[in-house]
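Examining the three-dimensional arrangement
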There are 2 protein chains.
Amino acid sequence: MRTYEQYLDMVNDTIARLALPETPARLYQPITYTMTQGGKRLRPVLTLMATDAMGGDSALALQAAAGVEMFHNFTLLHDDVMDRAAVRRGQPTVHRKWNDNVAILSGDAMLTLATGLVAQVPGACLAEVLHTFNRTAMEIYEGQQHDMDFESRNDVTVEQYMHMIRLKTSVLLGCACRIGALIAGAPDDACQALYDVAVNTGLAFQLRDDVLDVWGDPKTFGKATGGDILNNKKTFLLISAQQLAQDEDASELRYWLTEKKVMPDFKVQAVTELYERLGVRQRAEQAIDTYTQRALDGLAAVPMSDEGREAFAALINRLVSRDH
Amino acid sequence: MRTYEQYLDMVNDTIARLALPETPARLYQPITYTMTQGGKRLRPVLTLMATDAMGGDSALALQAAAGVEMFHNFTLLHDDVMDRAAVRRGQPTVHRKWNDNVAILSGDAMLTLATGLVAQVPGACLAEVLHTFNRTAMEIYEGQQHDMDFESRNDVTVEQYMHMIRLKTSVLLGCACRIGALIAGAPDDACQALYDVAVNTGLAFQLRDDVLDVWGDPKTFGKATGGDILNNKKTFLLISAQQLAQDEDASELRYWLTEKKVMPDFKVQAVTELYERLGVRQRAEQAIDTYTQRALDGLAAVPMSDEGREAFAALINRLVSRDH
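What this report covers is the structure whose coordinates are included nearby. (Residues numbered from 1 in each chain as written. Chains lettered and ligands numbered in written order. Predicted model: local features only at pLDDT ≥ 70, side-chain atom pairs only at ≥ 80, totals over all residues. Heavy atoms only, no water.)

Turning our attention to the overall build of chain A. A tally of helices and strands in chain A yields 16 helices and two strands. Relative to the compact-globule value of 20 Å for 324 residues, chain A shows a C-alpha radius of gyration of 20 Å, a close match. For the C-alpha atoms alone, the extent of chain A along its principal axes is close to 60 × 50 × 35 Å. The proportion of buried residues among the 324 residues of chain A is 58%. Summarising the internal contacts of chain A: among those between residues at least 6 apart in sequence, 73% fall at separations of at least 24. As displayed, chain A offers around 13,700 Å² of accessible surface, 49% of which is attributable to carbon and sulfur atoms. Charge separation in chain A, taken as the distance between the mean sites of 32 positive and 43 negative side-chain charges, equals 4 Å. (Helix = DSSP H or I, 4+ residues; strand = E, 2+ residues; numbered from the N terminus. Rg over C-alpha atoms; globule rule 2.2 N^0.38 Å. Buried < 20%, exposed > 50% of the residue type's maximum accessible area, 1.4 Å probe, protein only. Contact = heavy atoms within 4.5 Å. Areas by Shrake-Rupley, 256 points an atom, 1.4 Å probe, with all protein chains shown as cover. Lys, Arg positive; Asp, Glu negative; His and termini not counted. Charge placed at Lys NZ, Arg CZ, Asp CG, Glu CD.)

Following this line, the structure appears as structure tokens:
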């Protein structure tokens, strides 16, 4: 096993060597722009870690790992068009820097390139790797559609929210691990067990993101807090609050969700206080603990090297911790 | 070998059995809407024909053929968003019937579904089939980007136009045939020879489309003529005319290309007459004959059954003929 930073270097090195064509420039420049903005590279690192931990050789998983990262970046690129997002990783989004058509088409190309990279695995596991990858992609599109459908709904339940983030966020962590395990030639139940570990980790990870968006330190969180509250984003916190709030609390929450002429800081502060009063922060922390524990319990049962298990456990704890 | 209509039935039957999930409705309904609008199904029929003609069993190529058709429909769906097209096959386009976000996301899902279908081939040819499919997809995106880049250029050459339509239209016919041949287990040079036949056919086919858009009979062509002229679309005809026109002809062509306040019928009639005076129609017919002959000469050298060769030759002649 290598360290996270070593796996990160392997991923960045593989991405740097992709050697895309130069023309047509408006097709390929946005891809290079997107892929060289960095980021945690969590998903491809998971693929490489899984391969090594399951007794395989991560050198055989480099292209597939890069493909998983390319796929993740493709979904962000198209999501940014759909959400009209202006900034990603501190830089203008592709549809802002170029235009919508460039973002649509270069995103399509990234999906095809991602599939081509993921297909560069040993022949023995090719069909199953592709099947995992394509099924996961469909789940992610379903998650994105649910997320967009939620915007115009006021009856979303916590259960539906958890289903949505499982699809939109968690299954790709599962897929990344499963592909790594398949490349290592691990038996199917081991691949599935590691997949489940990563999915539970992903759920805790996303809930942590919801919590940090309200209570995080902007310096360590990497972006301004309060964005979800200002956008009335249906997170675990808002949905729980809607469920729990009664009488005056319910009226106040409705007020902040519908009133357009409010001072942003006032709204963030008031809704945060409401969340604390209703105890939704504790609920979120409890849910994070539950999913984290499921991930760690599952990990204990996955057949892998001790070193691999320690590395996964350390990463899980880091991902769900309070200050990442 | 079966008839075109029999292969068409096999394709439509396979597509009807795809059994997509019902929810989220806004993800899957646009896919069913798009896939059940019919059309010639030329590409999947080519796949099935190629498999049978090369001594294989087209029953093993059904999913891959449906995948090629799904991919083709995905490109049309996203192209319609980029071109702001309102109508496709006599029906509202997906982005008009739903909205842009639905069109982007359901298109993405079609690309993934297409890849999953294409991957349902015998394991022995899987890697090569996928490689062909992914490479072709990248070429098609390049062709679409060139086509969009051409809109704002006035120096496009006939050579660049032919390169663009090769990428945007022809290579998918080649890919469809090559995948069919690979499923039949044909040797690589035979697969490549059939690919070249289909690419040359595709070039002639697209040039015929350019000609029919000006001189076709709207009853048999299936859509109103003159659209390319009204939109100043850079076709073989317009590019050739710009190259050939001198003095007064050049001034007149410039007038029709730049003047906004013109009666549509007048513009179509005047530009059509200019094309005839400059001889660009003959040039297009000559080019069609050249590419058709290359396709037929190539076909003679492809190792396949006599029955297969006759079926391909009949189809090529039908595709490039004057009144399809």
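This brings us to the pattern of salt bridges. On inspection of all chains with the given rule, the structure shows 28 salt bridges over all chains. Of the charged contacts in the structure, one is a salt bridge between Asp80(A) and Arg88(A), with a shortest N-O distance of 2.8 Å. Judged by relative accessible area, Arg88(A) falls into the partly exposed class, the value being 26%. We note a salt bridge from Arg2(B) to Asp52(B), for which the minimum N-O separation is 3.8 Å. Of this pair, Arg2(B) sits in the segment before helix H1 (4-16) while Asp52(B) is found in helix H3 (residues 42-53), placing the two residues 50 residues apart along the sequence. With a relative accessible area of 42%, Arg2(B) lands in the partly exposed category. Judged by its relative accessible area of 16%, Asp52(B) falls in the buried class. (Salt bridge = Lys/Arg side-chain N within 4 Å of Asp/Glu carboxyl O.)

Right, let's talk about the packing of helix H7 (residues 123-151) of chain A against helix H2 (residues 25-35) of chain B for a bit. As a packed pair, H7(A) and H2(B) sit with axes 8 Å apart at the nearest point and diverge in direction by 115°. On the side of H7(A), the interface is formed by Met138(A), Tyr141(A), Glu142(A), Gln145(A) and Asp149(A), while H2(B) contributes Arg26(B), Leu27(B) and Tyr28(B). For the contact of H7(A) with H2(B), the residue count by class is four nonpolar, one polar and three charged. (Axes fitted to C-alpha atoms, helices over the stretch in contact; angles between N-to-C directions. Nonpolar A, V, L, I, M, F, W, Y, C, P; charged D, E, K, R; others polar.)

Residue and element names in this part refer to chain B. Relative to the helices and strands, leucine 76 resides in helix H4 (residues 62-83). A residue is classified by how much of its surface remains accessible, and leucine 76, at 14% relative accessible area, is buried. On a C-alpha basis, the gap between leucine 76 and lysine 233 in space is 17 Å, while along the polypeptide they are 157 residues apart. Setting aside anything within four residues of it in sequence, one finds leucine 76 in contact with Arg88 and Arg89.

So, on to the relation of the copies chain B and chain A. For these two chains of identical sequence, chain B goes onto chain A by a turn of 180° and a shift of 0.0 Å along the axis, with RMSD 0.0 Å. Such values leave the two copies arranged in the relation of a two-fold axis. A share of 100% of the interface residues of chain B reappears at the interface of chain A, consistent with the copies meeting face to face through the same patch. (Least-squares fit on C-alpha atoms with pLDDT ≥ 70 in both.)

One finds Phe71(A), Tyr141(A), Phe312(A), Phe71(B), Tyr141(B) and Phe312(B) to be the most contacted residues of the largest nonpolar core, which totals 165 residues. Excluding anything up to four places from it in sequence, Phe71(A) contacts Leu111(A), Ala114(A), Phe133(A), Ala137(A), Ile140(A), Tyr141(A) and Leu172(A). (Core = buried A, V, L, I, M, F, W, Y, C linked by side-chain atoms within 4.5 Å.)

Residues and elements named next belong to chain A. Cis peptide bonds are those with omega within 30 degrees of zero, and the linkage from threonine 23 to proline 24 qualifies with -5°. Relative to the helices and strands, proline 24 resides in the loop between helix H1 (4-16) and helix H2 (25-35). You will see that arginine 41, though not glycine, has its phi angle at about 60°, which is positive.

Geometry of a packed helix pair, given as the angle between the helix axes and the separation of the axes. At a closest axis distance of 8 Å, the pairing of H7(A) and helix H7 (residues 123-151) of chain B adopts a crossing angle of 50°. What the angle tells us is that H7(A) and H7(B) run oblique. As for the relative orientation of H7(A) and H7(B), their crossing is left-handed in sense. Across the interface between the two elements, Leu126(A), Ala127(A) and Leu130(A) from H7(A) touch Leu126(B), Ala127(B) and Leu130(B) from H7(B). (Parallel < 35°, antiparallel > 145°, perpendicular 65-115°, else oblique. Left-handed = near helix turned anticlockwise from the far one by under 90°.)

Let us look at the packing of aromatic side chains. Applying the stated criterion to the full structure yields twelve aromatic pairs over all chains. Look at Phe74(B) and Tyr141(B): their rings are 6.5 Å apart centre to centre, the planes differ by 80°, and that puts the pair in the edge-to-face class. Highlighted residues: Phe74(B) in helix H4 and Tyr141(B) in helix H7, separated in sequence by 67 residues. Note on Phe74(B): relative accessible area 1%, which makes it buried. Residue classification places Tyr141(B) among the buried residues on the basis of a relative accessible area of 2%. Linked through ring pairs, Phe71(A), Phe74(A), Phe133(A) and Tyr141(A) together constitute an aromatic cluster. Here the basic side chain of Lys97(A) rests over the ring of Trp98(A), its NZ or CZ set 5.6 Å away from the ring centre. Across from the ring centre of Tyr4(A), 4.9 Å away, lies the NZ or CZ of Arg318(A), which sits over that ring. (Phe/Tyr/Trp six-rings, centres within 6.5 Å; stacked < 30°, edge-to-face > 60°. Lys NZ or Arg CZ within 6 Å of the ring centre and 35° of its normal.)

Geometric values such as these leave the question of function open.
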